[in-house]
There are 2 protein chains.
Amino acid sequence: MNNLEMSVNVAINNWQQQVNAFNSVLDKLSTDDLLQEVAPNRNRGIYLLGHLVAVHDAMLPLLRFEEALYPELRPVFIEAADKTTETLPPAEQLKSQWNEVNNKLLAHYNALPADEWFTRHGSISEENFAHEPQRNRLNVLLSRTNHLSYHRGQLAFLLKKNQD
Amino acid sequence: MNNLEMSVNVAINNWQQQVNAFNSVLDKLSTDDLLQEVAPNRNRGIYLLGHLVAVHDAMLPLLRFEEALYPELRPVFIEAADKTTETLPPAEQLKSQWNEVNNKLLAHYNALPADEWFTRHGSISEENFAHEPQRNRLNVLLSRTNHLSYHRGQLAFLLKKNQD
C-alpha cells in the first residue's frame, strides 16, 4: 500500500471506528431510553439517531455513489427540529435503516479507487471545483466522521453512569 | 498540490475547523458557565476544557514534535475524573494554554512534509510499526479531531438555546 492509499485507508478506518463506537452506545439503550432527551431541553436520542440516518443517507448522492435510500427522513430529521413533528418512525425501523445505510456506504468506500477520493463531491460543479479542490469526497468523509462523533458524545449521556 | 499533499491538507483543515468550532462555543461561555455540569451528573465545562488541553498537549510528543508543555495537567484532566481533584486551574489559564498548545500543533502540522505523516507515531516502536503501518501520525490527527468533536457536542449544552 502506498501513502496515498494509506491516507484513504486511515480515513475509512477512522469512519468505521466511529460507527462502531456509536453502535456500541446504541446497543446499550432501550427504546424507552431513546425517547428521553439526552440533556434537559435538548434533542431526544431517537431524534439524534434519525438525524444521523438522514445525514448518512444523504452522503450516498453527495459522494456520487447512488440515490438516497430514505429521502423521506430529511424533512423530519434534518429540516425539522426535534419535538416539532407529530410522530417519528419507530426506533427499530431507524436502527435497521442506520445499519443499511452504513453498510452501503462502507461497500462504496472500499470499492472507490484512492485517486477518486480527490474528485469533487456531488454538491459542487466541475467549474467551481477547479477553484476549490479541497471540496472533494475525502473532505466529506472526514467532516461526516466528525459529525458522528459530535452526536455520539451527546447520545452517550443516555447511558447510565456505570455503562459509559 | 498532488493528491497525497491534498489528503494531508484536508486532514489539517478538518482539524482546524473543529478547533475553530470549539473556540466559537468557548467564546460564548463565561467562567461561571464553565463551572456548570454540561448535563446532570456529567463533567463540568472546565473539566472538558482541561481534558482537551491535556490531550492536545500530549499530541506534541505523540506526533514526535516536541515535549509536552503542560504535563502537570495529565494527572488532573486525563488520569483523574472530574470532581475528584480539590482545585482545578482557573479557566483563564486553561484557555491560554489551550490556544498555546493548538498554535504549536498547527505550526508543526504545516511544517511536516506530507510523507512524514505516514511514519510511526510516538507510542509504537519501529518494529511493531512494520506490522501495523496504520498506526501513523495521520491516524493520530484524525482520531484526535474526532475526540475534539465528541466533547464539543457535550460542551455545547452549556450554551443557552438561542446561542447554539
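Scoring rules and cut-offs
Residues numbered from 1 in each chain as written. Chains lettered and ligands numbered in written order. Predicted model: local features only at pLDDT ≥ 70, side-chain atom pairs only at ≥ 80, totals over all residues. Heavy atoms only, no water. Least-squares fit on C-alpha atoms with pLDDT ≥ 70 in both. Contact = heavy atoms within 4.5 Å. Buried area = accessible area lost by both parts, 1.4 Å probe. Salt bridge = Lys/Arg side-chain N within 4 Å of Asp/Glu carboxyl O. Helix = DSSP H or I, 4+ residues; strand = E, 2+ residues; numbered from the N terminus. Nonpolar A, V, L, I, M, F, W, Y, C, P; charged D, E, K, R; others polar. Core = buried A, V, L, I, M, F, W, Y, C linked by side-chain atoms within 4.5 Å. Buried < 20%, exposed > 50% of the residue type's maximum accessible area, 1.4 Å probe, protein only. Expected span 1.5 Å × (residues − 1). Polar contact = N/O pair within 3.5 Å; in protein donor to acceptor, adjacent residues only side chain to side chain. Axes fitted to C-alpha atoms, helices over the stretch in contact; angles between N-to-C directions. Parallel < 35°, antiparallel > 145°, perpendicular 65-115°, else oblique. Left-handed = near helix turned anticlockwise from the far one by under 90°. Phe/Tyr/Trp six-rings, centres within 6.5 Å; stacked < 30°, edge-to-face > 60°.

### Structural notes on the relation of the copies chain B and chain A
Working step 1: The transformation that overlays chain B on chain A combines an axial shift of 0.0 Å with a rotation of 180°, and the residual RMSD is 0.0 Å. What we have between these two chains is a two-fold relation. Within chain B, the C-alpha atom positioned nearest to the axis of rotation is that of Y150(B), 2.1 Å from it.
Working step 2: Taken as a fraction of all interface residues of chain B, those also at the interface in chain A reach 100%, which identifies the copy contact as same-surface.

### Looking at the interface of chain B and chain A
The extent of an interface is frequently quoted as the accessible surface area lost upon association of the parts.
Working step 1: With 37 residues of chain B at the contact, the number on the chain A side is 37 residues.
Working step 2: In total, about 3200 Å² of surface goes out of reach between chain B and chain A, with carbon and sulfur atoms giving 57% of it.
Working step 3: At the junction of chain B with chain A, the criterion picks out 0 salt bridges.
Working step 4: Mapped by element, the contributors of at least two residues to the side of chain B that touches chain A are α1 (3-26) and α7 (137-155) of chain B.
Working step 5: A per-element tally of the side of chain B that touches chain A places α7(B) first, with 11 residues.
Working step 6: In terms of residue class, the side of chain B that touches chain A is made up of 15 nonpolar, 16 polar and 6 charged.

### Considerations on the nonpolar core
Working step 1: Ranked by size, the top nonpolar core spans 104 residues in total, and within it Y109(A), W117(A), Y109(B) and W117(B) carry the most contacts.
Working step 2: In contact with W117(B), not counting residues within four places along its chain, are V8(B), I12(B), L63(B), Y109(B), L112(B), N136(B), R137(B), L138(B) and L141(B).

### Some words on unusual backbone geometry
Residues and elements named next belong to chain A.
Working step 1: A positive phi angle, close to 65°, is found at N41, a residue other than glycine.
Working step 2: For N41, the location among the structural elements is in the loop between α2 (31-34) and α3 (45-62).
Working step 3: Using a relative accessible area of 54% as the deciding quantity, one classes N41 as exposed.
Working step 4: The backbone of K83 shows a phi angle near 65°, a positive value even though the residue is not glycine.

### Re α7(B)
Residue and element names in this part refer to chain B.
Working step 1: An ideal rise of 1.5 Å per residue puts 27 Å on 19 residues; α7 measures up with 27 Å between its terminal C-alpha atoms.
Working step 2: Extensive coverage of α7 is indicated by the burial of 16 of its 19 residues.
Working step 3: Put simply, N136 is the residue that caps the front of α7, since its side-chain oxygen is 3.2 Å from the backbone nitrogen of L138.

### Focus on the pattern of salt bridges
All names here are of chain A.
Working step 1: One pass over the full model with this rule turns up 14 salt bridges over all chains.
Working step 2: Where K104 meets E66, a salt bridge forms, and the shortest distance between an N and an O atom there is 3.8 Å. With K104 in helix α5 (residues 91-111) and E66 in the loop between α3 and α4 (73-79), this residue pair connects regions lying 38 residues apart in the sequence.

### Some thoughts on the packing of helix α1 (residues 3-26) of chain A against helix α7 (residues 137-155) of chain A
The packing of two helices is summarised by the inter-axis angle and the distance between the axes.
Residue and element names in this part refer to chain A.
Working step 1: Where α1 contacts α7, the axes come no closer than 10 Å and their chain directions differ by 20°. Comparing their axes, α7 and α1 come out roughly parallel. Considering the relative orientation of α1 and α7, their crossing is left-handed. Contacts between α1 and α7 involve A11, I12, N14, W15, Q18, V19, A21, F22, V25 and L26 from the former and L138, L141, L142, R144, T145, L148, S149, R152 and L155 from the latter.
Working step 2: Here the residues of the contact of α1 with α7 are counted per class, giving 13 nonpolar, 4 polar and 2 charged.

### A closer look at the packing of aromatic side chains
Residue and element names in this part refer to chain A.
Working step 1: Overall, the coordinates contain 11 aromatic pairs over all chains when judged by the stated rule.
Working step 2: A ring pair is formed by F22 and W98, whose centres lie 5.0 Å apart and whose planes are at 55°; its orientation type is tilted. Of this pair, F22 sits in helix α1 while W98 sits in helix α5, and the two are 76 residues apart along the sequence. Each member of the pair F22 and W98 is classed as buried.
Working step 3: Three or more aromatic residues joined by ring pairs make a cluster, and in this case those are W15, F65, Y109 and W117.

All we've got here are geometric facts, nothing functional implied.
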